[in-house]
Amino acid sequence: NAVANIGNNSATSYVVNHALGTRDVIVQIYDNTTYDTIYADTVRTDANNVTITTTTALASNAARVLITALS
């Protein structure tokens, strides 16, 4: 499993390295202030990274990404 904060006040795309060695992962994102789920485009870029794209820029460390391997 892996966790990371994303957001930098300008980007709408973030590569998150999870180093789990598989594309079989579940990705969840939530707001670090309200704890509401954030819905974003998620691509399993390769076996160790996911790319998350949002429609608007996130504030600095505004969101928490949770990545869980299934295999």
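Procedures and definitions
- All chains use their own residue numbering, which begins from 1 and follows the written sequence.
- In view of the model being predicted, local features appear only for residues whose pLDDT reaches at least 70, and side-chain atom pairs are presented and counted only at 80 or more, with totals across whole chains, interfaces and linings using the full set of residues.
- For the side-chain quantities, the full set of heavy atoms in the structure was used; hydrogens and water were omitted.
- We call Phe, Tyr and Trp rings a pair once their centres come within 6.5 Å, taking the six-membered ring for Trp, and we label the pair stacked below 30 degrees between planes, edge-to-face above 60, and tilted otherwise.
- Here the term buried applies to any residue with accessible area under 20% of the maximum for its type, exposed to any over 50%, and partly exposed to those in between, with areas from a 1.4 Å probe on protein chains only.
- Helix and strand assignments follow DSSP, with helices taken as H or I runs no shorter than four residues and strands as E runs no shorter than two, numbered in order from the N terminus.
- Contacts between residues were defined by any pair of non-hydrogen atoms, one from each residue, lying within 4.5 Å.
- We treat two strands as partners when DSSP finds at least two bridges between them.
- Here an angle of 0 to 180 degrees is reported between the N-to-C directions of two axes, which are lines fitted to C-alpha atoms, with helices fitted over the stretch in contact.

(A) Broad picture of the packing of aromatic side chains. As enumerated under the stated definition, the model contains 1 aromatic pair in all. Geometrically, the ring pair formed by Tyr30 and Tyr35 is tilted, given 6.2 Å between the ring centres and 40 degrees between the ring planes. Tyr30 gets classed as partly exposed once you look at its relative accessible area, which sits at 24%. Note on Tyr35: relative accessible area 59%, which makes it exposed.

(B) Geometry of the environment of Val3. Inspection of the secondary structure puts Val3 in strand E1 (residues 2–6). Each C-alpha atom, one on Val3 and one on Ile67, is 6.2 Å from the other, the two residues being 64 residues apart in sequence. Sequence-distant contacts of Val3, defined by excluding residues within four places in its chain, comprise Arg64, Val65 and Leu66.

(C) Structural view of unusual backbone geometry. A positive phi angle is found at Ala19, which is not glycine, with a value near 55 degrees. Considering the arrangement of structural elements, one finds Ala19 in the loop between strand E2 (13–17) and strand E3 (25–31). Overall, Ala19 belongs to the exposed group, its relative accessible area being 53%. Within the chain, Tyr35 stands out as a residue other than glycine whose phi angle is a positive 65 degrees. When you line up the elements, Tyr35 lands in the loop between E3 and strand E4 (41–46).

(D) Geometry of the sheet that holds E2. Within the open sheet, the 3 strands sit side by side as E2-E5-E4. Their pairing is antiparallel. Edge positions in the sheet fall to E2 and E4, since each of these pairs with one other strand and no more. Going across the sheet, the axis of each strand differs from the next one's by a mean of 25 degrees, ignoring polarity. The pairing of E4 with strand E5 (residues 49–53) spans 4 bridges and is antiparallel. Each residue of the ladder has a partner; that of Asp46, found in E5, is Asn49.

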